[in-house]
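# Structure at a glance
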Amino acid sequence: MTDNIPLQPVRRPKRHDGKHRNGCCPWSRCCGMGDFRPRTVWLGHPEKREQRYPRNVINNQKYNFFTFLPAVLFHQFKYFYNLYFLLLACSQFINELRLGALYTYWVPLGLVLAITIIREAVEEIRCYIRDKEMNSQIYSKLSTRGTVKVKSSGIQVGDLIIVEKNQRVPADMIFLRTSERNGSCFLRTDQLDGETDWKLRLPVACTQRLPTAADLLQIRSYVYAEEPNIDIHNFIGTFTREDGDPPVNESLSIENTLWASTVVASGTVVGVVIYTGKELRSVMNTSNPRHKVGLFDLEVNCLTKILFGALVVVSLVMVALQHFAGRWYLQIVRFLLLFSNIVPISLRVNLDMGKMVFSWMIKKDSKIPGTMVRASTIPEQLGRISYLLTDKTGTLTLNEMVFRRLHLGTVAYGMDSMDEVQSHVFSAYTQPSHDLPASRAPAATKVRKTISSRVHEAVKAIALVHNVTPVYEANGVTDQAEAEQHYEDTCRVYQASSPDEVSLVQWTESVGLTLVGRDQSSMQLRTPTGQILNFTILQIFPFTYESKRMGIIVRDESTGEITFYMKGADVVMAAIVQYNDWLEEECGNMAREGLRVLVVSKKSLTEEQYQDFEARYVQAKLSVHDRSLKVATVIESLEMEMELLCLTGVEDQLQTDVRPTLEILRNAGIKVWMLTGDKLETATCTAKNAHLITRNQDIHIFRPVTTRGEAHLELNAFRRKHDCALVISGDSLEVCLKYYEYEFMELACQCPAVVCCRCTPTQKAQIVRLLQERTGKLTCAVGDGGNDVSMIQEADCGVGVEGKEGKQASLAADFSVTQFKHLGRLLMVHGRNSYKRSAALSQFVIHRSLCISTMQAVFSSVFYFASVPLYQGFLIIGYSTIYTMFPVFSLVLDKDVKSEVAMLYPELYKDLLKGRPLSFKTFLIWVLISIYQGSIIMYGALLLFESEFVHIVAISFTSLILTELLMVALTIQTWHWLMIVGELLSLACYVASLVFLHEFIDVYFITTVSFLWKVTVITLVSCLPLYILKYLRRRFSPPSYSKLTT
């Protein structure tokens, strides 16, 4: 079979980033991590600890006080050209090698290092301030002195911490007490695992029963906790109370934990801290921030190595032409110093200053307000992104669910017809005959009655089949007890494990049937007339990822009727409901609109049927062997021939302009992958809704695989499909990467879009790393939660979205935006401009240096290969600073097209992915231009000078300055007023400085007509052919962008 994948074991490459499994470095003990061990934590007694625990601090800094200077200098001198200039400057301390004043070498190098150190210091200070803000958040701690305030960074293992509603949990804790009457609390975990569902957490039963929270300090108890690990979904521990009679032992699981970076969604909770700092689950799932070096910097580094090679060759040729006479080895070193301008030291200064200007432009762009640049060393990376990896919850979506559609088969109600649903519900409770059978109603109203009763049944089912609890809070006018007693609408908020559930209950409230009360055994609904309907909850079958459905059995207290309601995904409900011919088609239609579809059904039970079921259900729950299988079998006995009531469609609202932004990115040649911790169905829905997966695109949902053989078969099935989007779960992804890493990545990279659901934070980072290794392309990761930090730090460009989920991602990112739609402008406009400008600037600086080096080479060869400098002292420093710096640096303001055109034609971005603005071809062109111009200027000066050597210097240097100014004008595509100022200012500085340069230039000679015509002729010969070539090229072979601007 030709499409079979050969079964070859994966050889994983060794990591070269120095990261070890259990810590940030091989010497993990120094970080306070050491070997992770289980621990016994005494409640309220941190002094009884058995070992040292890390401090509870958030730290996103790259350096500390002691490592800052050595690390920054190391990162600078690992660049070839910086190390080269350090050796060059040091060589001037040797008299035999000295060519000029020491300051001509040390001042430029010192300037480069000073700018870099200042920039890094500013970024580190900003990072320190942001971290300090997080570490200084105040919490309440229970102590023998009562309740005291403590900073987040001051929390220790063993502390009893009080966390209020909507407050971030500061450390990993065991849940001891809650203020909620039902003895549980909800957690928002989207910062940790990316899931929008709220998680139900239960306190330790022994401590919840205590009269007050202060009693926690009076009992003698401890928690035994497992060693710290990265698994956020499991926990093993025990709680022991020694002074009880008898002693109390309770097992602890994930249900009893409050992990750091989650947010308490209900009530006030008390917990005992078990892990802090680097041992937090959230921290262990993030990688250490790495020093990112841009691809552009590496390319420039490569070009400087080529230039250095040219420098060595030229020096050897010069000595060879002297026939290696005398102390030739010293002559080689002197020539290396003499031609050192071939490798321009000002390149690093100009590029670093350019990056600072690009960063400032991004921050000041009024079209993307609130955008921050936290890593000003890589803005040009934004112009070459090939893969964009994005989170879903809070990044593409608002995490706000809205009810969009109610479908009854024969009739559907959208947002514009909800008033009809409201009138049907109202009539059902106001007409006394609403409960009569249809046959007894008048014939004329038979159809209307049928529709009305069907709508009423559907709304009632939606209002009952859920796990939502209404909670009443004081609002300043009404206190909590009174609000609860009178079911005050203004004081009521809904709490549930899923925002989908809340949106459904809020919708039933909007059409007249309101959930006003609920506890473990009963539920109260209020009708449009104000009547309270009481229902007894007999059984609840909660939603699981395996069953994909939830059910509830209730008894209506007014009629005694027992009804089994169920809702779930269409794939499982299709086999449960009675036969119909519209379910599959309508589910498909609603899913294509990006709606999350739920099928709602019911079944009426007699008292005998229910009693029989309950007896079997209790018996199944008591069995020791195969309990879950037996329970499922009993429940399935009820799930047959259920009456299909309706379909509901709920939409997770997308952020503003997500669809056009994704369209722009796609047209720009960027492949978008969505990595989310959410469910497969939810992720697929959002991908369709956001048009990440287009309407006419096939989707291949990768079947769950657990073994090598299954993965092999599924990969072969996937290989046969062409141009289809891939949807895969984290578990299946792990199996594929374990056995078929290369084959899977090869197939996935060919997909127009990829959706990975149920991804852990470490998996997200792993996918980014594999994309970089397998494709060699640049990646950009976008996220807004703590679970996205690893992915953001691993990517070549990390973008954090600041939103309601906190600042953790934006603090760790290289760039932070306030909305996803700003990403389009960040890449298409700022990324593109930064890259093109950096390329133009770097090549022009190289051209500037090569010009003067060519002139030096011609000069030396004419004067018998003498190692004598053509220009000395201030002339050589002034050339690359005050005489040409302003015009050359003004190239950072140049642009080929307006920002509106760049956004309108994202295809322009695609050209940059090939790296054409800076390539060996463009580099060679600039080298040839430099050799031509340098030779023309030097030979022209030698031919036209009359008597004195000093005239050669005057003619050649003036021609060189004018040539550079004219070449800047030739390179510029869109003039800016600062560019004109730069050109005129440089020219004025040169003319003014001639008065002080009498040591090098004959002041009287430069005022003669002879000087002026000679300089004019040389400058015209060096520049005019290039202007003619540029005109001809734009006339007969214009670049793509010029067609859009004409």
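Keep in mind that what you see is a predicted model, and the values were worked out from it rather than measured. (Residues numbered from 1 in each chain as written. Predicted model: local features only at pLDDT ≥ 70, side-chain atom pairs only at ≥ 80, totals over all residues. Heavy atoms only, no water.)

## Digging into the overall build of the chain
The test is simple: Secondary structure elements are taken from DSSP: a helix is a run of H or I of four residues or more, a strand is a run of E of two residues or more, and numbering for both begins at the N terminus. The classification of residues rests on relative accessible area computed with a 1.4 Å probe and restricted to protein chains. Under 20% of the type maximum is buried, over 50% is exposed, and intermediate values are partly exposed. Contacts between residues were defined by any pair of non-hydrogen atoms, one from each residue, lying within 4.5 Å. To measure how exposed things are, a 1.4 Å probe is used in the Shrake-Rupley method; for residues, cover is taken only from the protein chains shown. Two residue types count as positive, namely Lys and Arg, and two as negative, namely Asp and Glu; His and chain ends fall outside the count. To locate a charge, take atom NZ for lysine, CZ for arginine, CG for aspartate or CD for glutamate.
Counting its regular elements, the chain contains 35 helices and 33 strands. Taken along its principal axes, the extent of the C-alpha atoms in the chain is 125 × 75 × 70 Å. Across the 1046 residues of the chain, 56% fall into the buried class. Long-range contacts, defined here as pairs at least 24 residues apart, represent 74% of the contacts in the chain between residues at least 6 apart. Accessible surface computed for the chain: about 46,200 Å², of which carbon and sulfur atoms make up 58%. Separation of charge centres in the chain, based on 109 positive and 104 negative side chains, amounts to 7 Å.

## Regarding the pattern of salt bridges
Test applied: In the sections that follow, a salt bridge refers to a side-chain nitrogen of Lys or Arg positioned within 4 Å of a carboxyl oxygen of Asp or Glu.
Overall, the coordinates contain 33 salt bridges when judged by the stated rule. For Glu900, the salt bridge is made with Lys367, and the minimal N-O distance between the two is 3.9 Å. With Glu900 in helix α29 (residues 899–904) and Lys367 in the loop between α9 (346–364) and β14 (372–373), the pair connects residues that are 533 residues apart, well separated along the chain. For Glu900, a relative accessible area of 49% translates into the label partly exposed. A cluster of three or more residues bridged by salt bridges with shared partners is formed by Lys62, Arg119, Glu120 and Asp352.

## Notes on the sheet that holds strand β15 (residues 385–390)
Formally: By this definition, two strands are paired if DSSP reports at least two bridges between them.
Pairing within the open sheet is mixed, and its 9 strands lie in the order β14-β33-β32-β31-β15-β27-β30-β29-β28. Here the strands that pair on one side only, and so sit at the sheet edges, are β14 and β28 (698–701). The pairing of strand β27 (residues 671–675) with strand β30 (residues 753–757) spans 4 bridges and is classified as parallel. Residue pairing across strands places Trp673 opposite Val754, the latter belonging to β30.

## With respect to the state of the cysteines
Where two cysteines share a covalent bond between their sulfur atoms, that bond is called a disulfide. Note the threshold: For this text, the term disulfide refers to a pair of cysteine sulfurs within 2.5 Å.
Considering all chains together, one arrives at 0 disulfides under this definition. Not part of a disulfide, Cys736 finds its nearest cysteine sulfur in Cys756, a span of 10 Å.

## Regarding the packing of helix α7 (residues 295–321) against α9
The condition is simple: Orientation is described by axes fitted as lines to C-alpha atoms, over the contacting stretch for helices, and by angles from 0 to 180 degrees between their N-to-C directions. Relative orientations are named as follows: roughly parallel for angles under 35 degrees, roughly antiparallel for angles over 145 degrees, roughly perpendicular for angles from 65 to 115 degrees, and oblique for any other angle. The hand of a helix crossing depends on one turn: near helix anticlockwise from the far one by less than a right angle means left-handed, and clockwise means right-handed.
At a minimum axis separation of 12 Å, α7 and α9 run at an interaxial angle of 165 degrees. One finds that α7 runs roughly antiparallel with respect to α9. Crossing of α7 against α9: the hand is right-handed. On α9, the residues touching Phe296, Asp297, Val300 and Thr304 of α7 are Leu347, Arg348, Leu351 and Lys355.

## Looking at the domain arrangement of the chain
Put simply, the rule is: Domain start and stop points were drawn from an automatic or database domain assignment. Buried area: the accessible surface (1.4 Å probe) lost by two parts on joining, summed over both. Gly counts as polar in this scheme, as do all residues outside two lists: the nonpolar Ala, Val, Leu, Ile, Met, Phe, Trp, Tyr, Cys and Pro, and the charged Asp, Glu, Lys and Arg.
If you check the domain split of the chain, you get domain 1 (57–137), domain 2 (155–285), domain 3 (292–371 + 826–1036), domain 4 (387–396 + 655–817) and domain 5 (401–428 + 451–472 + 490–651). Each of domain 1 and domain 4 was reduced to a C-alpha centroid, and the two centroids are 37 Å apart. Listed by partner, the interface residues are 4 residues for domain 1 and 4 residues for domain 4. For the domain 1 and domain 4 pair, buried surface summed over both sides reaches about 380 Å², with 59% attributable to carbon and sulfur atoms. The largest share of the area that domain 1 buries against domain 4 comes from Asn60, Arg130 and Met134, three residues that together contribute 83% of it. In terms of residue class, the side of domain 1 that touches domain 4 is built from 1 nonpolar, 1 polar and 2 charged.

## Section: helix α20 (residues 708–719)
Going by this rule: Here, expected helix span is obtained from the residue count minus one, scaled by 1.5 Å.
For α20, spanning 12 residues, the distance from its first C-alpha to its last is 16 Å, which sits close to the expected 16 Å at 1.5 Å a residue. What α20 keeps buried is the set Ala711, His712, Glu714, Leu715, Asn716 and Phe718. Packing partners of the buried residues in α20 comprise β28, β29 (724–729), α21 (730–739) and α22 (741–748).

## Comments concerning the sheet that holds strand β3 (residues 146–151)
A sheet is described by the order of its strands in space; here 6 strands give the open sequence β3-β2-β4-β13-β5-β11, paired in antiparallel fashion. Here the strands that pair on one side only, and so sit at the sheet edges, are β3 and β11 (257–258). The pairing of strand β2 (residues 138–143) with strand β4 (residues 160–163) spans 3 bridges and is classified as antiparallel. By the bridge assignment, Ser140 is partnered in β4 with Ile162.

## Some words on the side chain of Ser732
Our working rule: In the analysis that follows, any N or O atom pair within 3.5 Å is treated as a polar contact, provided that within protein one partner can donate a hydrogen and the other can accept it, and provided that, for residues neighboring in sequence, both atoms belong to side chains.
Positionally, Ser732 belongs in helix α21. There is a polar contact of 3.2 Å between the side chain of Ser732 and the backbone nitrogen of Val705. If we skip the residues at most four places from it in the chain, Ser732 touches Phe702, Arg703, Pro704 and Val705.

## Here's the deal with the UniProt feature "transmembrane region" (unreviewed entry) in the chain
What counts is decided by this rule: UniProt positions are given in the numbering used here, feature names are shortened, and annotations may be inferred rather than shown by experiment.
As annotated by UniProt and renumbered to match this structure, "transmembrane region" (unreviewed entry) occupies residues 298–322, 328–351, 845–865, 871–893, 923–943, 949–970, 977–997 and 1003–1029. Note that residues 1003–1029 is 78% helix and 0% strand, and that its end C-alpha atoms are spaced 36 Å apart.

## Some remarks on the confidence of the model for the chain
Parts of the model with low pLDDT should not have their predicted coordinates read in detail. Heads up, the rule is: pLDDT is defined as a per-residue confidence score from the predictor, taking values between 0 and 100.
Looking at the chain, the pLDDT average stands at 84 and 91% of residues meet or exceed 70. Per-element averaging of pLDDT across the chain places helix α12 (residues 480–486) at the bottom with 65 and strand β24 (residues 562–568) at the top with 95. Taken as a whole, residues 1–33 scores under 50 in pLDDT and shows 54 contacts with residues more than four places along the chain or in a different chain.

## Quick word on the packing of aromatic side chains
Worth spelling out the cut-off: Each Phe, Tyr or Trp ring (for Trp, its six-membered ring) is paired with any other whose centre lies within 6.5 Å, and the angle between the two planes then decides the class: stacked below 30 degrees, edge-to-face above 60, tilted in between. A ring is considered to have a charge above it if a Lys NZ or an Arg CZ atom is located within 6 Å of its centre and within 35 degrees of its normal.
Inspection of every chain in the model, using the stated rule, returns 23 aromatic pairs. Geometrically, the ring pair formed by Tyr871 and Phe957 is edge-to-face, given 5.0 Å between the ring centres and 70 degrees between the ring planes. One end of the pair, Tyr871, is in the loop between α26 (822–862) and α27 (874–880); the other, Phe957, is in helix α32 (residues 949–971), and 86 residues separate them in sequence. Comparing Tyr871 with Phe957, the two get one shared label, buried. Three or more aromatic residues joined by ring pairs make a cluster, and in this case those are Phe541, Phe564, Tyr610, Phe613 and Tyr617. Positioned above the aromatic ring of Phe1036, the side-chain terminus of Arg1035 is 5.7 Å from the ring centre.

## Focus on the pairing of strand β13 (residues 269–275)
For β13, the buried fraction is high: 7 of the 7 residues fall into the buried class. Relative to β13, β4 runs antiparallel, the two sharing 4 bridges. By the bridge assignment, Ile161 is partnered in β13 with Gly271. In the sheet, strand β5 (residues 172–178) pairs with β13 via 6 bridges, with the strands oriented antiparallel. Counterpart to Phe175 in the pairing with β13 is Gly271.

## Things to note about the packing of α7 against α26
Relative orientation of the contacting elements α7 and α26 amounts to 5 degrees, with a least axis distance of 12 Å. When the interaxial angle is binned, α7 and α26 end up roughly parallel. Where α7 approaches α26, its residues Phe296, Val300, Leu307 and Met318 are matched on the opposing element by Tyr835, Ser838, Ala839, Ser842, Ile846, Leu850, Ala857, Ser860 and Ser861. When grouped by side-chain class, the residues that make up the contact of α7 with α26 number 9 nonpolar, 4 polar and no charged.

## What about the environment of Asp678?
Summarising the element assignment, Asp678 is placed in the loop between β27 and α19 (680–689). Separated by 78 residues in the primary sequence, Asp678 and Cys756 place their C-alpha atoms 9.2 Å from one another.

## Some details on the environment of Pro917
Take Pro917: it is sitting in the loop between α30 (907–912) and α31 (920–944). On the basis of relative accessible area, Pro917 is assigned to the buried category, the value being 16%. Sequence separation between Pro917 and Val768 is 149 residues, and the spatial gap between their C-alpha atoms is 26 Å.

## Let's talk about empty space enclosed by the protein
Applicable threshold: The way it works is a 1 Å grid over only the protein atoms, where trapped points that fit a 1.4 Å probe form a cavity and open points with protein on both sides within 12 Å along at least five of seven lines form a pocket, and then any residue with an atom within 4 Å of a point lines it. Grid points are joined across faces, edges and corners, and a volume is the space filled by probe spheres set on the points.
Scanning all chains against the criterion turns up 5 cavities of 30 Å³ or more. Quantified by volume, the second largest cavity comes out at close to 150 Å³. As for the second largest cavity, its lining consists of 16 residues, and the residues nearest its centre are Gln76, Tyr79, Arg119, His291 and Thr377. For the lining of the second largest cavity, the elements supplying multiple residues, two or more each, are α1 (68–77), α3 (103–135) and α9. Residues of the lining of the second largest cavity, tallied by class, amount to 4 nonpolar, 5 polar and 7 charged. Of the domains in this structure, domain 1 (57–137) and domain 3 (292–371 + 826–1036) are the two that each give at least three residues to the lining of the second largest cavity.

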